[in-house]
Amino acid sequence: MRLAVVLLCVALSTAGCGTAAPAWVDGAPSVAPPASSAPPVSPAPAGPSPSTSPSAKAPAIPAGITAGIAVFDRQTGTFTEQVHVTTRFRSASLVKLLIALDYLWNRGPGYAVPAADRPRLDIMLRSSDDNAASYFWKAGGADQIVTRMVTRLSLKDTAPPSAVGKTGWGSTSLSAADLVRVYRYLLDTAPAPVRDYVLGNLHQSTRCGTDRYDQSFGIPSAFSRPWAAKQGWYGFGDTPANPCTGPVPGAAPGVAPASILTGAVLHTTGTVGAGDRAIVVVLTQHPEGTSFAKAAVVLTGLVRTLRVPGAVPTPA
């Protein structure tokens, strides 16, 4: 049975590694094609289609949890898991992937990152820094970043915050299917400097976010390296109940979103296995009032049940 998701929230003062949650709508505005200096884009992969046997057991999603799940095996070109892949979730920090790609788009042929911007871009990707995201969001024209990337990557379920009258970058809506498209672009089509820079940072994902939330849930906890991860979370408060105790990178200066809201989403996305064999996307919405610790345990447990080619599971 397909689940319908209607989410409403506004951004935390820190953006909470994910900001406002809109009531999701269909479609997103488009813009003109990128300039000729932009990274080449192969024809967009078709939307996910069933590739597992009819008897394959679907992942067990706990009661009360809404989840969008996609696992794509790059070696065989097939999906091993697909659950509610077009259901829209608020992006939280996952939109930082689009912010980074938009920033790099017209910087060819070398795609060098200026020294003044590199620390911000690095910490945004590795440690999910919200101030850095807000800095690039404002500099890139806010919603225009999302509308440009929707057209460039032929995204189907992604819409900017303005589609539902919001302004914070975390109010972007997206789906598991679109995130697979983003990772397939990065891995298979993006110019080597773009691929190496973005994936290189995701391979160096830090345990602690700059807001002291522990971002080692999901992929980093369920699988041994090699893996790359971009995480997202929102709705658990400005300050974690149990602050991450590992090294916390210094937050980059920037402009933070200014509104506060309710909600609880936790997302884990990235690649797993040698040669980034599998693309793994698990998006989850939890009942309001769920603690971060509980949501992290639930999400990690769900990830452990997935069929992920090339993965080496860690001890539970």
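Keep in mind that what you see is a predicted model, and the values were worked out from it rather than measured.

**Thoughts on the state of the cysteines**
Tallying each qualifying case throughout the model produces one disulfide. Disulfide partner of cysteine 208: cysteine 244, at an S-S distance of 1.9 Å. Here the disulfide of cysteine 208 and cysteine 244 is left-handed, its torsion about the S-S bond being about -75 degrees. Here cysteine 208 is found in the loop between α6 (192-203) and α7 (219-222), whereas its partner cysteine 244 is found in the loop between β5 (227-234) and β6 (265-272), with 36 residues between them in sequence. Assessed through its relative accessible area of 0%, cysteine 208 is described here as buried.

**Quick look at the pairing of strand β1 (residues 66-73)**
With eight of eight residues buried, β1 is to be regarded as a mostly interior element. Burial along β1 is two-sided: the face carrying Thr66, Gly68, Ala70 and Phe72 and the face carrying Ala67, Ile69, Val71 and Asp73 are both buried. Between the end of β1 and the start of strand β2 (residues 78-83), which pair antiparallel, lie four residues, with glycine 77 showing a positive phi angle near 70 degrees.

**Considerations on unusual backbone geometry**
Cis geometry is adopted by the peptide bond preceding proline 109, which originates at glycine 108 and carries an omega value of 5 degrees. Looking at the element boundaries, proline 109 is found in the loop between α1 (95-104) and α2 (118-127). Cis geometry is found at the peptide bond from arginine 225 to proline 226, where omega equals 10 degrees. Relative to the helices and strands, proline 226 resides in the loop between α7 and β5. For alanine 92, which is not a glycine, the phi torsion comes out positive at approximately 50 degrees. Along the chain, alanine 92 falls in the loop between β3 (89-90) and α1.

**Considering the confidence of the model for the protein**
Interpretation of this model should avoid reading the predicted coordinates in detail wherever pLDDT is low. Counting all residues, the mean pLDDT for the protein is 84, and 78% of those residues have values of 70 or more. Note on residues 43-55: pLDDT under 50 across the span, and 22 contacts to partners over four residues away in sequence or across chains.

**Regarding the environment of arginine 120**
Relative to the elements of secondary structure, arginine 120 occurs in helix α2. With a relative accessible area of 16%, arginine 120 lands in the buried category. Taking the C-alpha atoms as reference points, arginine 120 and tyrosine 135, separated by 15 residues in sequence, lie 8.5 Å from one another.

**Considerations on the layout of surface pockets**
In this structure, the largest pocket spans a volume of roughly 320 Å³. Considering the residues around the largest pocket, the lining is formed by 18 residues, among which Asp214, Asn242, Phe292, Ala293 and Ala296 are closest to the centre. Residue contributions to the lining of the largest pocket peak at five residues, all from helix α8 (residues 292-304). The residue makeup of the lining of the largest pocket, split by class, is 10 nonpolar, six polar and two charged.

**Some points on the side chain of histidine 286**
Tracing the chain through its elements places histidine 286 in the loop between β7 (278-285) and α8. Once residues within four sequence positions are removed from consideration, histidine 286 is found in contact with Ile65, Ala264, Leu266, Ala295 and Val298.

**Examining the environment of arginine 107**
When you line up the elements, arginine 107 lands in the loop between α1 and α2. Here the alpha-carbon distance between arginine 107 and valine 194, two residues 87 residues apart in the chain, equals 9.6 Å. Apart from residues no more than four positions distant in its own chain, arginine 107 is found in contact with Ala112 and Pro114. A polar atom in the side chain of arginine 107 sits 2.9 Å from the backbone oxygen of tyrosine 103.

**Digging into the pattern of salt bridges**
Scanning all chains against the criterion turns up 10 salt bridges. The partner of glutamate 81 in a salt bridge is arginine 307, and the shortest N-O contact between them spans 2.8 Å. Of the two residues, glutamate 81 is situated in strand β2 and arginine 307 in the segment after α8; the sequence distance between them amounts to 226 residues. The partly exposed category is assigned to arginine 307, whose relative accessible area is 33%. In this structure, aspartate 214 and arginine 207 form a salt bridge, with 3.1 Å as the shortest nitrogen-oxygen distance. Here arginine 207 falls in the partly exposed class, since its relative accessible area comes to 47%. Ionic contacts of the salt-bridge type, sharing partners, join the residues Asp102, Arg148 and Arg152 into one network.

Calculation criteria
Residues numbered from 1 in each chain as written. Predicted model: local features only at pLDDT ≥ 70, side-chain atom pairs only at ≥ 80, totals over all residues. Heavy atoms only, no water. Disulfide = S-S within 2.5 Å. Helix = DSSP H or I, 4+ residues; strand = E, 2+ residues; numbered from the N terminus. Buried < 20%, exposed > 50% of the residue type's maximum accessible area, 1.4 Å probe, protein only. Pairing = 2+ DSSP bridges. pLDDT = per-residue confidence, 0-100. Contact = heavy atoms within 4.5 Å. 1 Å grid on protein atoms, 1.4 Å probe; cavity = no way out; pocket = protein on both sides within 12 Å on 5 of 7 lines; lining within 4 Å. Points joined across faces, edges and corners; volume = space filled by probe spheres on them. Nonpolar A, V, L, I, M, F, W, Y, C, P; charged D, E, K, R; others polar. Polar contact = N/O pair within 3.5 Å; in protein donor to acceptor, adjacent residues only side chain to side chain. Salt bridge = Lys/Arg side-chain N within 4 Å of Asp/Glu carboxyl O.

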